[in-house]
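Coordinate analysis (summary)
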Amino acid sequence: TDGVGMWRALRGLFDTNPPLVPYRAVKKPPPMIPELLALPSVARRLAWRGKLRKTIAPRGKTLYRGLVIWDTDAIRAMRQQIGKAPFNLLTSALAIAEVFERHPHRKRLNVGLTAYFPFLDARNKYTVFLCKVKRGSLIEITKQLQKQTKSKTLGWGQQAVRSYLLSKIPDKAFGKIVDYYRKQIDVLISSLPVGQKPITIGNMEAVISCHPWELTLPYYFLLVGTRHQIHVSFTSNFEERSDFLDLRQGEIPPPPV
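Below is a summary of the structure that appears in this document. (Residues numbered from 1 in each chain as written. Predicted model: local features only at pLDDT ≥ 70, side-chain atom pairs only at ≥ 80, totals over all residues. Heavy atoms only, no water.)

In terms of burial, strand β7 (residues 219–226) is a largely internal element, eight of the eight residues being buried. Burial along β7 is two-sided: the residues Y219, F221, L223 and G225 and Y220, L222, V224 and T226 are all buried. Examined bridge by bridge, strand β4 (residues 187–195) and β7 share eight bridges and lie parallel to one another. By the bridge assignment, L188 is partnered in β7 with Y220. The turn linking β7 back onto strand β8 (residues 229–236) is made up of two residues. (Buried < 20%, exposed > 50% of the residue type's maximum accessible area, 1.4 Å probe, protein only. Helix = DSSP H or I, 4+ residues; strand = E, 2+ residues; numbered from the N terminus. Pairing = 2+ DSSP bridges.)

Below, the structure written as structure tokens:
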């Protein structure tokens, strides 16, 4: 299941909390138009390779996991300084900037951002926007994400074309092709807005995190957001410092060198 499906299944365990972002019904895109528009970009992306893929830990090796809590007031202050940008892209850019700082030898990373399509009939209503992000300041990274995710129609077309191609692949080759797609992504970021108020169970504050037992790509982040906090859990193939993802109050992280 996807994050939204998992949250809906577990929602009854938590106290009543008005949704932070309502998933309103939207019109389905016109048939075939998104797929046709997406063909050139899908073809280009077939050649993309992850920059950190050789460092994936073999099965049974140590994965590194962590959890930090971000204050959304501090992030809103950053947003005021850098100009208007979608909140979820800014928080994703913060995580990407931290990965760049952790890997100073990398000039670009392939980043997967999950996007939710409420009109889909499938259990999994998510797709992944694959973005190529160059090293830069927080403002520059945010603008790159904005530019590459602004067309939801194109994003849906890319996913539909990939799904169609995978459906035509013989069973013996399916695993290898899926593994190839996974190795295109250096950093996968899922954003899940869960409520306007703090997360509680029986009026006791709770924290939501997600740490996979196995990891098929170098970094996975889950950003669980409320109006006041973002619970940021990460799993990676790299040992991180204790201040990894530790944002300073109201400050924009300096551009990576």
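To continue, consider a nonpolar patch on the surface. Together, M32, I33, L36 and L39 make up an exposed nonpolar region whose accessible area comes to about 390 Å². Within the element layout of this structure, L36 appears in helix α2 (residues 33–45). (Patch = residues over 30% accessible without salt bridge, like charges linked within 9 Å, V, L, I, M, F, W, Y side chains within 5 Å. Areas by Shrake-Rupley, 256 points an atom, 1.4 Å probe, with all protein chains shown as cover. Salt bridge = Lys/Arg side-chain N within 4 Å of Asp/Glu carboxyl O.)

This part takes up the nonpolar core. Counting residues in hydrophobic clusters, the biggest one holds 36 residues, and the most contacted among them are W70, L145, I189 and F221. The leading source of residues in this core is helix α4 (residues 87–102), at nine residues. Leave out the neighbours within four places in its chain, and W70 touches I75, T91, L94, A95, L223, H228, Q229, I230, V232, L245 and L247. L63, L130, L222 and V224 belong to the second-largest nonpolar core, a separate cluster that totals 17 residues. (Core = buried A, V, L, I, M, F, W, Y, C linked by side-chain atoms within 4.5 Å. Contact = heavy atoms within 4.5 Å.)

Because each turn of an α-helix spans 3.6 residues, side chains separated by three or four positions in sequence point in the same direction. Taken together, the buried positions of helix α3 (residues 72–82) are occupied by T72, A74, I75, M78 and I82. Relative to the axis of α3, the buried residues are bounded by an arc of 155 degrees and lie together on one face. Looking at the packing, one finds that the buried side of α3 touches β1 (64–71), α4, α5 (138–149), β7 and β8. Where α3 begins, the capping side chain belongs to D71, and its oxygen is found 3.1 Å from the backbone nitrogen of D73. At the C-terminal side of α3, G83 shows a positive phi close to 100 degrees. (Arc of directions from axis to C-beta. Polar contact = N/O pair within 3.5 Å; in protein donor to acceptor, adjacent residues only side chain to side chain.)

The next thing to look at is a positive patch on the surface. Together, K51, K107, R108, K134, K147 and K150 line one region of the surface with positive charge. Structurally, K134 can be placed in strand β3 (residues 126–134). The exposure class assigned to K134 is partly exposed, which follows from its relative accessible area of 47%. (Lys, Arg positive; Asp, Glu negative; His and termini not counted. Charge placed at Lys NZ, Arg CZ, Asp CG, Glu CD.)

Attention now moves to the packing of α4 against α5. One way to put it is that α4 packs onto α5 with a least axis distance of 9 Å and a crossing angle of 125 degrees. As the angle between them shows, α4 and α5 are arranged oblique. Read as a crossing pair, α4 and α5 show a hand that is right-handed. Residues L89, L90, S92, A93, L94, I96, A97 and F100 of α4 touch α5, and the partners they reach there are L138, I141, T142, L145, Q146 and T149. Taken together, the residues of the contact of α4 with α5 sort by class into 10 nonpolar, four polar and no charged. (Axes fitted to C-alpha atoms, helices over the stretch in contact; angles between N-to-C directions. Parallel < 35°, antiparallel > 145°, perpendicular 65-115°, else oblique. Left-handed = near helix turned anticlockwise from the far one by under 90°. Nonpolar A, V, L, I, M, F, W, Y, C, P; charged D, E, K, R; others polar.)

Looking at where H231 falls in the secondary structure, it is placed in strand β8. Taking the relative accessible area as the measure of exposure, H231 reaches 2% and is therefore buried. Here I208 takes part through its backbone nitrogen, which lies 3.2 Å from a polar atom of the side chain of H231. Discounting chain neighbours no more than four positions away, the residues touching H231 are L67, V68, I69, I199, A206, V207, I208, L222, L223 and V224.

According to the stated counting rule, one finds four salt bridges in the structure shown. Note that R76 and D73 form a salt bridge whose closest N and O atoms lie 3.1 Å from each other. On the criterion of helical spacing, the pair formed by R76 and D73 is a turn pair, its members being three residues apart in helix α3. Take R76: its relative accessible area is 30%, and that puts it in the partly exposed class.

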